[in-house]
Amino acid sequence: MPVNIVAFCCNWCSYAGADLAGTSRLAYPSQVKIIRVPCSCRVDEAFVLRAFIRGADGVIVCGCHLGDCHYMTGNHHTKQRMEALFGLLEFMGMERERLRLEWISASEGAKFADTMAGFTAQVEKLGKNERYAGKCFEAADAETTNTEATDTETADVEAMDVEATDAETADTETTNTKAAEDI
Amino acid sequence: MRIGVFVCHCGNNIKATVDVALLAERVREGFLWGASSVSPSVSPSVSPSASPSVTSVVFSADYMYLCAEGGQKMITDAITEHGLEGVVVCACSPRMHEATFRKAAQRAGLNPYKLEIANIREQCSWVHADKKAATDKALSLAKAAIAKVKLAKPLFPGENTVEKRALVIGGGIAGIQAALDIAEAGFAVDLVEKTPSIGGKMAQLDKTFPTLDCSACILTPKMVEAASHENITLHTYSEVEKVEGFVGSFTAVIRKKARGVNIKKCTGCGDCLAACPMKKIPNEFESGMANRTAIYIPFAQAVPNVPVIDRNHCAYFKNGKCKRCEGACQPKAIDFSQEDELIAERYGVIVAATGYEPIALDAFGEYGYHDNKDVITSLEFERLTNASGPTGGKLLRPSDGRVPKRVTFIQCVGSRDATARGKPYCSKVCCMYTAKHAILIKEKHPETDVEVFYIDVRTPGKSFEEFYRRAVEAYGVRYIKGQVGKVIGENGSLRIQAMDMLENGRYDSVTDLVVLAAAVEPSADTKKIARMLAAPADVNGFLSEAHPKLRPVESATAGVFLCGMANGPKDIPETVAQASAAACKAIGILMKDKLVTNPCTAKADEDLCNGCGLCVGVCPYGAISSEGGAFPRVVCVNSALCQGCGGCAAACPSGAMDLQGFSHRQITAEVDALCL
């Protein structure tokens, strides 16, 4: 089974860098899949953790170089947030090498390809992410079942986007709604 | 929800590596991963009549070139025919054609934000060689896009009305030029200047390089034009105190300081100046080389030509007695009771032209600037050689009024000096104005020896190198490569100790006058103005452009434009060009009645927000505040200020803040789809 890698790329630098790698036909492993975010600071720690429990073997967050952020200071926040997250991963007993933070500009297509190849190799060395992948699912699913009643109640309100099969993506919101109700 | 997926071949660009037909087929294989299983629960060929609460791909197709007219028509037709509520286009980068496809969706009556792109060209077919791997990845990316689009909410760009009035901060040549250009385009402009007259630093200069035309002769007509222009309102002796709002709708509070003189009654005769007993106040315009009275007109060509009472020095304001100027004033314009006036006005755009100052030389003790009267700065030299200056344009030493036999210029005083006392950058104008000063001396006093200590002579600019060569070759100005270590006052002369790097030896000689080319820095108030405008400044305090190459006159804050030295060292032609460019950009906004705003902005859920305020600190645009919301303390986002970075959404601990178009649920769904 090849490793699976999720890459969060900011729209202005790293995503453009990935596009440049494409235009320049610079190959990198196909397990790397990119999610476009406006700024690296949009990447919530929860997204990274979610990827790991869903079975991603590596997550890489890419942004503009410090000082070049399209939103001025966004990537500084990313840096702080990810540094804290590295600590959390270690605390969880997960190899910190499964997460990486990189600054890749729109002109660094080669750097993008090299970074992705390097990171994939690094994650391959660690092997599949067995420790957490899927493990939390049972818990999450149990929670989903418990909150299903609440979910159907709110279903009318959000009939357009909350679907029975989609309940677990909504679980954060449901829990929050529940919490709000409790208060 | 009925979703349509369109797969582009892009000729062979995608088709050669990704099995497009297979992709178009496989996206239809249900997309309903079960809640109890990690693997996707594949339900083959979802029927088009699936219940509306279930998301299904009801239409999928591949096409040679989706961006072409036929491809777009295929999308719009399918939206209408199949009643699609969401569209995924598997094609090139969204940076390339997202706008194209969203417009097409809009034409078919679908909200453009219900369309997502799966980038299967730049990020798939072009970087992977293996057809199976590429097709698998393309499917994965398509599924992520489907997952995202099914959670997409229709978004509607907002609209702001544009206040058809511009605020120009700073009345130097940059501000004057910008104000004139905007006014000429037919828009009202308020020009705010801190000092009693517009004109700025350029008014102090004698001649301008490299043409040696007189600075006042080219500046004063512009000053008069600005003052008399029907669309320009001058606020001199005024300061911007507060700025709020956003592009199209700024509100600024301007403090008009009390002049003590009724500007409408005053005729500018100057009788009051003659009557004033306080005559020993250092004249700022003459760089302190002459004195002025407490009621004063900064310089002869001042606009407006109306005196101002300097309350710090006026005998009446200090001791409560005097009022001699009032007695001397025939039109009865003197008004001691005048008070500061606050004006609040709305503006669509703001131009920041706050200018520069030479740095203070306190930390440069080795040049003896504070110890010797004959060590002066370049700006003081401008006044010394200016026909309207304290010596009437005669080159006389400040100490004894003698014509100097030798003048020494020292370059880069504080410029290109990475130590704490200096500035790491090149001040850009010093090499040229020093060559100008040298030529001006040589023209008046050919017998006076002129030497220039330099690190490098930098002359990039039209006719600049020729001008410098003229100083060396035609006028015999001696250029010595090296830095001066010490200037020592000695029997009425000055001893220079320096290093001559080309001769590789010590240089020790005596001179009569030393002129220091002090580095330039942003004017003292630039920081304050930058904070008010939420306009970022660089490490040296100069206002930063939104993009150094492609958006050189815009600040990162929408609706704020930059020009002149406030943005970085530059000479007069560059300043004027930049001012006109800033004006042009400003006019571009003022021409519009309404501005369309990006709907992908942050939005706070007031029911969930606990008012912790973490998001407020994260936002670089000051878009989040607890004012204006339904409840106190609970934050709300000003969508006109928000640029949509999403930092606040990630920072919010209670899940109250979300970014529209990139919501928590959407990104989580993408993550899930990619990890399957």
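Residues numbered from 1 in each chain as written. Chains lettered and ligands numbered in written order. Predicted model: local features only at pLDDT ≥ 70, side-chain atom pairs only at ≥ 80, totals over all residues. Heavy atoms only, no water.

**Remarks on the overall build of chain B**
Thought 1: On a plain count of helices and strands, chain B comes out with 18 helices and 34 strands.
Thought 2: A globule of 676 residues ought to have a C-alpha radius of gyration of about 26 Å, yet chain B, at 33 Å, is considerably larger.
Thought 3: On the principal axes, the C-alpha backbone points of chain B span a range of 100 × 65 × 45 Å.
Thought 4: In chain B, which comprises 676 residues, the share counted as buried stands at 56%.
Thought 5: Considering only residue pairs separated by 6 or more positions, chain B has 69% of its internal contacts joining residues 24 or more positions apart.
Thought 6: Between the averaged position of the 76 positive side-chain charges in chain B and that of its 73 negative side-chain charges there is a distance of 1 Å. (Helix = DSSP H or I, 4+ residues; strand = E, 2+ residues; numbered from the N terminus. Rg over C-alpha atoms; globule rule 2.2 N^0.38 Å. Buried < 20%, exposed > 50% of the residue type's maximum accessible area, 1.4 Å probe, protein only. Contact = heavy atoms within 4.5 Å. Lys, Arg positive; Asp, Glu negative; His and termini not counted. Charge placed at Lys NZ, Arg CZ, Asp CG, Glu CD.)

**Considerations on the overall build of chain A**
Thought 1: The secondary structure content of chain A amounts to six helices and four strands.
Thought 2: Secondary structure elements of chain A, listed N to C terminal, follow the sequence β-α-β-α-β-α-β-α-α-α.
Thought 3: Expressed as a percentage of the 183 residues in chain A, the buried residues total 54%.
Thought 4: Taking contacts inside chain A between residues at least 6 apart in sequence as the whole, the part at least 24 apart equals 79%.
Thought 5: Roughly 7,700 Å² of accessible area belongs to chain A as shown, and the carbon and sulfur atoms make up 56% of that amount. (Areas by Shrake-Rupley, 256 points an atom, 1.4 Å probe, with all protein chains shown as cover.)

**Concerning the domain arrangement of chain B**
All names here are of chain B.
Thought 1: Partitioning chain B into structural domains gives domain 1 (2-150), domain 2 (165-256 + 344-355 + 523-590), domain 3 (271-328), domain 4 (358-520) and domain 5 (598-660).
Thought 2: Taking only C-alpha atoms into account, the centre of domain 2 sits 30 Å from that of domain 4.
Thought 3: Counting from both sides, the interface comprises 17 residues of domain 2 and, opposite them, 24 residues of domain 4.
Thought 4: Three residues, Asp206, Phe209 and Pro210, lead the burial of domain 2 against domain 4; their summed loss comes to 34% of the area buried on that side.
Thought 5: Counting across the domain 2 and domain 4 interface gives one salt bridge.
Thought 6: For Glu574, the salt bridge goes to Lys428, with nearest N and O atoms at 2.8 Å.
Thought 7: One can count five residue pairs in polar contact (both at pLDDT 80 or more) joining domain 2 with domain 4.
Thought 8: By residue class, the composition of the side of domain 2 that touches domain 4 is eight nonpolar, three polar and six charged. (Domains from an automatic or database assignment. Buried area = accessible area lost by both parts, 1.4 Å probe. Salt bridge = Lys/Arg side-chain N within 4 Å of Asp/Glu carboxyl O. Polar contact = N/O pair within 3.5 Å; in protein donor to acceptor, adjacent residues only side chain to side chain. Nonpolar A, V, L, I, M, F, W, Y, C, P; charged D, E, K, R; others polar.)

**A short note on helix H3 (residues 94-107) of chain B**
Residue and element names in this part refer to chain B.
Thought 1: In this model H3 runs 19 Å from its N-terminal to its C-terminal C-alpha over 14 residues, within 8% of the 20 Å that 1.5 Å per residue would give.
Thought 2: Among the residues making up H3, those that are buried are Pro94, Glu98, Phe101, Arg102, Ala104 and Ala105. Along the axis of H3, the buried residues cluster in a sector spanning 155°; they form a single face. In H3, the exposed positions angled more than 90 degrees off the buried face are occupied by Lys103 and Arg107. (Expected span 1.5 Å × (residues − 1). Arc of directions from axis to C-beta.)

**As for the state of the cysteines**
Residues and elements named next belong to chain B.
Thought 1: Considering all chains together, one arrives at one disulfide over all chains under this definition.
Thought 2: One disulfide in the model links Cys214 with Cys217; its S-S distance is 2.3 Å. Note on the Cys214 and Cys217 pair: the S-S dihedral is about 90°, so by sign convention the disulfide is right-handed.
Thought 3: A relative accessible area of 24% places Cys214 in the partly exposed class.
Thought 4: Cysteine Cys90 remains unbridged, with the sulfur of Cys8 as its closest cysteine sulfur at 9.7 Å.
Thought 5: Under the relative-accessibility criterion, Cys90 is labelled buried at 0%.
Thought 6: Cys124 takes part in no disulfide bond, and the closest cysteine sulfur, belonging to Cys90, lies 9.9 Å away. (Disulfide = S-S within 2.5 Å.)

**Details of the pattern of salt bridges**
Thought 1: Enumeration according to the criterion identifies 48 salt bridges over all chains in this entry.
Thought 2: One salt bridge connects A:Arg100 with A:Glu102, and the closest N-O pair in it is separated by 3.5 Å. A:Glu102 shares its class with A:Arg100; the two are buried.
Thought 3: B:Asp456 serves as the salt-bridge partner of B:Lys481, at 3.2 Å between the closest nitrogen and oxygen. Note that B:Lys481 is positioned in strand E23 (residues 478-481) and B:Asp456 in the loop between strand E22 (449-454) and helix H13 (464-473), a separation of 25 residues in sequence.
Thought 4: Overall, B:Lys481 belongs to the buried group, its relative accessible area being 19%.
Thought 5: The exposure class of B:Asp456 is partly exposed, given its relative accessible area of 29%.
Thought 6: Each of A:Arg36, B:Glu98, B:Arg102, B:Glu116 and B:Lys148 takes part in one network of salt bridges that share partners.

**Overview of the packing of helix H2 (residues 45-53) of chain A against helix H3 (residues 74-92) of chain A**
All names here are of chain A.
Thought 1: Two elements in contact, H2 and H3, have axes whose closest approach is 10 Å; the angle formed by their N-to-C orientations is 35°. Between H2 and H3 lies a crossing whose hand is right-handed. Of H3, the residues touching H2 (which contributes Glu45, Val48, Leu49 and Phe52) are Arg81, Met82, Leu85, Leu88, Leu89 and Met92.
Thought 2: Residues of the contact of H2 with H3, tallied by class, amount to eight nonpolar, no polar and two charged. (Axes fitted to C-alpha atoms, helices over the stretch in contact; angles between N-to-C directions. Left-handed = near helix turned anticlockwise from the far one by under 90°.)

**Overview of the pairing of strand E4 (residues 99-103) of chain A**
All names here are of chain A.
Thought 1: Along E4, four of the five residues are buried, which leaves the element largely enclosed by surrounding structure.
Thought 2: As judged from the five bridges shared by strand E3 (residues 58-63) and E4, these two strands associate in the parallel manner. Along E4, the bridge assignment pairs Val61 with Leu101. (Pairing = 2+ DSSP bridges.)

**Some words on the nonpolar core**
Proteins that are soluble and globular tend to have nonpolar side chains buried together.
Thought 1: In this structure, A:Phe8, A:Val48, B:Ile120 and B:Met657 are the most contacted members of the largest nonpolar core, which totals 102 residues.
Thought 2: In terms of residue count, the dominant contributor to this core is helix H5 (residues 131-150) of chain B (ten residues).
Thought 3: If we ignore the near neighbours within four places in the chain, the residues touching B:Ile120 are B:Val7, B:Ile14, B:Leu23, B:Cys90, B:Ala91, B:Ser125, B:Ala138 and B:Leu141.
Thought 4: If you look at the next biggest cluster of nonpolar residues, it comprises 42 residues, including B:Leu180, B:Met223, B:Ile297 and B:Ile589. (Core = buried A, V, L, I, M, F, W, Y, C linked by side-chain atoms within 4.5 Å.)

**Describing the interface of chain A and chain B**
Thought 1: Taken together, the contact pairs 57 residues of chain A with 55 residues of chain B.
Thought 2: Where chain A abuts chain B, roughly 4,900 Å² becomes buried across the two surfaces, and 57% of that area is made up of carbon and sulfur atoms.
Thought 3: Summed over the three residues of chain A that lose the most area to chain B, namely A:Arg36, A:Arg42 and A:Met72, the buried surface amounts to 14% of that side.
Thought 4: Our count for the contact surface shared by chain A and chain B stands at four salt bridges.
Thought 5: Elements with a minimum of two residues in the side of chain A that touches chain B: strand E1 (5-10), helix H1 (14-23), strand E2 (32-37), H2, H3, helix H5 (135-155) and helix H6 (171-182) of chain A.
Thought 6: With seven residues, H1(A) is the largest single contributor of residues to the side of chain A that touches chain B.
Thought 7: Here the side of chain A that touches chain B is built from residues that sort into 29 nonpolar, eleven polar and 17 charged.

**Some remarks on the environment of A:Ile53**
Thought 1: Mapped onto the fold, A:Ile53 is located in helix H2.
Thought 2: Separated by 15 residues in the primary sequence, A:Ile53 and A:Pro38 place their C-alpha atoms 24 Å from one another.

**What about the confidence of the model for chain B?**
Residues and elements named next belong to chain B.
Thought 1: Confidence in the prediction of chain B, expressed as mean pLDDT, is 92, and 96% of residues score 70 or more.
Thought 2: Ignoring residues within four places in sequence, the model shows residues 31-52, a span with pLDDT below 50, making 36 contacts including any to other chains.
Thought 3: Overall fold confidence (pTM) sits at 0.74, and the ipTM for the predicted complex is 0.79. (pLDDT = per-residue confidence, 0-100.)

**Description of a nonpolar patch on the surface**
Residues and elements named next belong to chain B.
Thought 1: Taken together, Tyr63, Met64 and Tyr65 make up a surface patch of nonpolar side chains, about 290 Å² in accessible area.
Thought 2: Mapped onto the secondary structure, Tyr65 falls in the loop between strand E2 (56-63) and helix H2 (69-82).
Thought 3: Classification of Tyr65 as partly exposed rests on a relative accessible area of 41%. (Patch = residues over 30% accessible without salt bridge, like charges linked within 9 Å, V, L, I, M, F, W, Y side chains within 5 Å.)

**Some thoughts on the confidence of the model for chain A**
Thought 1: When the pLDDT values of chain A are averaged, the result is 80; 73% of them are 70 or greater.
Thought 2: Here residues 144-183 of chain A is modelled with pLDDT under 50, and outside its nearest four sequence neighbours on either side it reaches 45 contacts, counting other chains as well.

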